[in-house]
Amino acid sequence: MTGYILRRLLQFIPVFLGTTFVVFFLAWGMPGDPLAGKCGDRECPDAFVAAATEEFKLDRPLIVRYGYYLADLGRGDLGRSFTGRDVSEQLVAAFPATVRLALLAVLIEVLLGITIGVFAALRPGKTFDTATMMVGLGIIAFPSFVIANLAQLVFGVRLGWFPVTVSDPTSFAELLLPAIVLALAHQVTLSRLTRSAVIETMQSDYIRTARAKGLGEARIVVVHALRNSLIPAVTYVGKDIGGLLAGAVVVEGVFNISGVGGLIVQSIRSHDGITIVGAVTVVVVAYLFINLLVDLSYAVLDPRIRYD
Amino acid sequence: MTDCLQAAPPAGTEPRRPSRSLTGEALAQLGRSPLVWVALVILVILVAMAVAPGLFTNVDPQRCMLLNSRKPPAYGSWFGFDIQGCDVFARTVHGARASLSVALLATLGSSLIGGILGLVAGLKGGVVDAVISRVTDVVLGLPTLLGAIVILATLGSSGSGVLRLALVLSLLGWATEARLMRASVLQTRNADYVDAARAAGASSLRIALRHVLPNSVAPLLVLATLSLGGYVGTEATLSYLGLGLQPPVISWGTAISDAQPYLATAPHMLLFPSLVLTVTVLALVMLGEAVRRAFDPRSR
């Protein structure tokens, strides 16, 4: 197990290099002149163009610039955006809100998704299963920007139960409504995955054995069946945490949360390559850690899976 | 019924069995379920809508009168009119083709890429698994918006908008499928029947396709049926962000995206395309669930 973890941690190095490389090329490979529109309505003065070209080495080949970027990164310098702000400073400003929103959303998603999934699996095809599926599909059929705007209109503006937008820095209480909006759509897939896994597990021999031993139904479901059925769910939740850390672009926009999603979209729109690379790299590193934890949890949840 | 069963393609390279095969039994079980028939009828109607929208409406979806802007449903125009004064029913019918094509192609593409890579990663383990899984991590971390902008710019205007969008969604969406498939394969690959097949001298390809795949495909199937609806939503979200299908292409996603600002004053513009989308996903999930149950030998 320790060997496996060490090997996985070693893999972080090439993946980190690969990611920064890919994102660097994607970010600077976007069509259009990165300096266009940086000076308002006027054309940029030659002095500005010359200075920016010099600072960001825009006249050099991409691969050379990537080398400079890595060298800066080695000194712990994530670089500076076109507007002159340190990328690290921007990330420090954006991540707290996004992390809070992600934690809250995943918590709600897991509570709803696993509970609904298990209860639906106990009586497949019956009222609860069918009803939750219908409601869930209804939710899926509306894209997130529709649900976010609807929730804001109904619960924020009309009923006044939740604040319409959040303050900066934000609190967990203010993020409750956006988190519920995010969790609603994700819990549908999670509950369906849990449901199908529990149904499959409930038919295995060891469940029959547990029943033959005279164990209570609750114990059979929670201790014996659920644990083995959690693998697809844990995989999906891991992907969700990472996805939410990358920022919920639409929901952040609707509720005016200044988080990572907004930062990335903003820097994509303004061709701010350095900021894009910095933000995305942090997100990918988060993914690497989360997916390592997810992979390790497989062995805990299902003793049939072994890492040597 | 028996005739159709005989006509069913024999799975794999195995010679047709004299008695009823597993596939035959599964198809027979499917045929007995009324839900399956309901789902099939809905899907046939939708496919007909996509192929020949003229069968369902003779209103031209592109002929719009601003005079009718945001008029609620009434006799003769069941679904009302949208912001441009176009008939919402006609646009919903005509939007089926683009929406279903994007969603189907994207689901197929991402499930194929993700399914194959997940299966290989889970079965092979070691270096192969490490490489595939880390590439998956990177793809999961890439922002959809950045990927979509760059891929769309690289593709230029080659192919139709629908194809380009489906390609973008497949290339950015396969990672979840791959992770899910790999997890499921890890759980299956040490089963006794896999050891038994190996001991009996089955090739790795045969073990992968005939023994591991059927027993580990369920989570992927669940995700695929659901993501079909999700992709129409993603198409709408991309349109909302200015990257999706552009007019004059008619799709449910663009309809939903266009209707969103008028949520409070003209909800019918949003409701009807979303309702049709819900029914579509519902039919697919019902069918997917029935197929999964019918082909799962443990549920007999």
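Residues numbered from 1 in each chain as written. Chains lettered and ligands numbered in written order. Predicted model: local features only at pLDDT ≥ 70, side-chain atom pairs only at ≥ 80, totals over all residues.

### Observations concerning the overall build of chain A
A tally of regular secondary structure across chain A gives 12 helices and zero strands. With respect to the principal axes defined by its C-alpha atoms, chain A has extents near 85 × 55 × 30 Å. The burial tally for chain A puts 43% of its 308 residues in the buried class. (Helix = DSSP H or I, 4+ residues; strand = E, 2+ residues; numbered from the N terminus. Buried ≥ 20, exposed ≤ 12 C-beta atoms within 10 Å, placed from the backbone.)

### Regarding the overall build of chain B
Scanning chain B from terminus to terminus reveals 12 helices and zero strands. Each helix (α) and strand (β) of chain B, taken in turn from the N terminus, gives the series α-α-α-α-α-α-α-α-α-α-α-α. Each principal axis of the C-alpha distribution contributes one length, and for chain B these read about 75 × 50 × 35 Å. Burial status across chain B gives 46% buried among its 300 residues. Long-range contacts, defined here as pairs at least 24 residues apart, represent 68% of the contacts in chain B between residues at least 6 apart. (Contact = placed C-beta atoms within 7 Å.)

### Details of helix H2 (residues 46-56) of chain A
Buried residues are scarce in H2(A), accounting for one of its 11 residues. Where H2(A) ends, the next residue or the one after it, A:Lys57, has phi of about 55 degrees, a positive value.

### Quick notes on the environment of A:Ile114
Tracing the chain through its elements places A:Ile114 in helix H4 (residues 87-122). On a C-alpha basis, the gap between A:Ile114 and A:Val251 in space is 23 Å, while along the polypeptide they are 137 residues apart.

### Considering the interface of chain A and chain B
As a measure of interface size, the accessible area lost when the parts come together is often cited. Counting residues at the interface gives 54 residues for chain A and 45 residues for chain B. At the level of elements, helix H1 (2-28), helix H5 (127-141), helix H6 (144-158), helix H7 (176-202), helix H9 (217-245), helix H10 (249-254), helix H11 (260-269) and helix H12 (273-301) of chain A are the ones that each hand at least two residues to the side of chain A that touches chain B. By residue number, the principal contributor to the side of chain A that touches chain B is H12(A), which donates eight residues. Class assignment of the residues belonging to the side of chain A that touches chain B gives a composition of 36 nonpolar, 13 polar and five charged. (Nonpolar A, V, L, I, M, F, W, Y, C, P; charged D, E, K, R; others polar.)

### Focus on the packing of helix H4 (residues 88-124) of chain B against helix H5 (residues 126-141) of chain B
For any two helices packed against each other, the geometry is given by the interaxial angle and the distance between the axes. Residues and elements named next belong to chain B. Direction vectors running N to C along H4 and H5 enclose 145 degrees, while the axes themselves pass 7 Å from each other. The two elements H4 and H5 meet at a crossing, and its hand is left-handed. Residue-level contacts link Leu117, Val120, Ala121 and Lys124 of H4 to Gly126, Val128, Asp129, Ile132 and Ser133 of H5. Taken together, the residues that form the contact of H4 with H5 break down as five nonpolar, two polar and two charged. (Axes fitted to C-alpha atoms, helices over the stretch in contact; angles between N-to-C directions. Left-handed = near helix turned anticlockwise from the far one by under 90°.)

### As for helix H3 (residues 62-74) of chain A
Taking 1.5 Å per residue as the helical rise, H3(A) with its 13 residues ought to reach 18 Å, and the 18 Å between its terminal C-alpha atoms agrees with that figure. Directly beyond the C-terminal end of H3(A), a positive phi value near 80 degrees is found at A:Gly76. (Expected span 1.5 Å × (residues − 1).)

### Topic: the packing of H5(A) against H7(A)
Residues and elements named next belong to chain A. Where H5 contacts H7, the axes come no closer than 9 Å and their chain directions differ by 135 degrees. Of the possible angle classes, the one that applies to H5 and H7 is oblique. In the crossing of H5 with H7, the sense of the turn from one axis to the other is left-handed. Contacts from Thr132, Gly136, Ile139 and Ile140 in H5 reach Leu184, Ala185, Val188 and Ser191 in H7. Of the residues contributing to the contact of H5 with H7, the split by class is five nonpolar, three polar and no charged. (Parallel < 35°, antiparallel > 145°, perpendicular 65-115°, else oblique.)

### Some remarks on the nonpolar core
Counting 158 residues, the largest nonpolar core has A:Leu101, A:Ala105, A:Leu182, A:Leu244, A:Ile276, A:Val280 and B:Val281 as its most contacted members. Beyond its immediate sequence surroundings of up to four residues, A:Ile276 is in contact with A:Val23, A:Ala27, A:Ile264, A:Ser267, A:Ile268 and B:Leu146. (Core = buried A, V, L, I, M, F, W, Y, C linked by C-beta atoms within 7 Å.)

### Some remarks on the environment of B:Ala224
Residues and elements named next belong to chain B. Residue placement: Ala224 occurs in helix H10 (residues 218-240). Judged by local crowding, Ala224 falls into the buried class, with 20 C-beta atoms found within 10 Å. In this structure the C-alpha to C-alpha distance between Ala224 and Leu30, which are 194 residues apart in sequence, comes to 19 Å. Setting aside residues no more than four positions away along its own chain, Ala224 makes contact with Thr107 and Ser111.

### As for the confidence of the model for chain B
Should the pLDDT be low somewhere, the predicted coordinates at that spot are not to be read in detail. All names here are of chain B. Scored by pLDDT, chain B has a mean of 80; 91% of the residues are at 70 or more. Within chain B, the element-level pLDDT minimum falls on helix H1 (residues 2-7), averaging 45, and the maximum on H4, averaging 91. Under a pLDDT of 50 for its full length, residues 1-14 has, in the predicted model, 11 contacts with residues more than four places off or in other chains. Of the two predicted TM-score estimates for the complex, the pTM is 0.77 and the ipTM is 0.73. (pLDDT = per-residue confidence, 0-100.)

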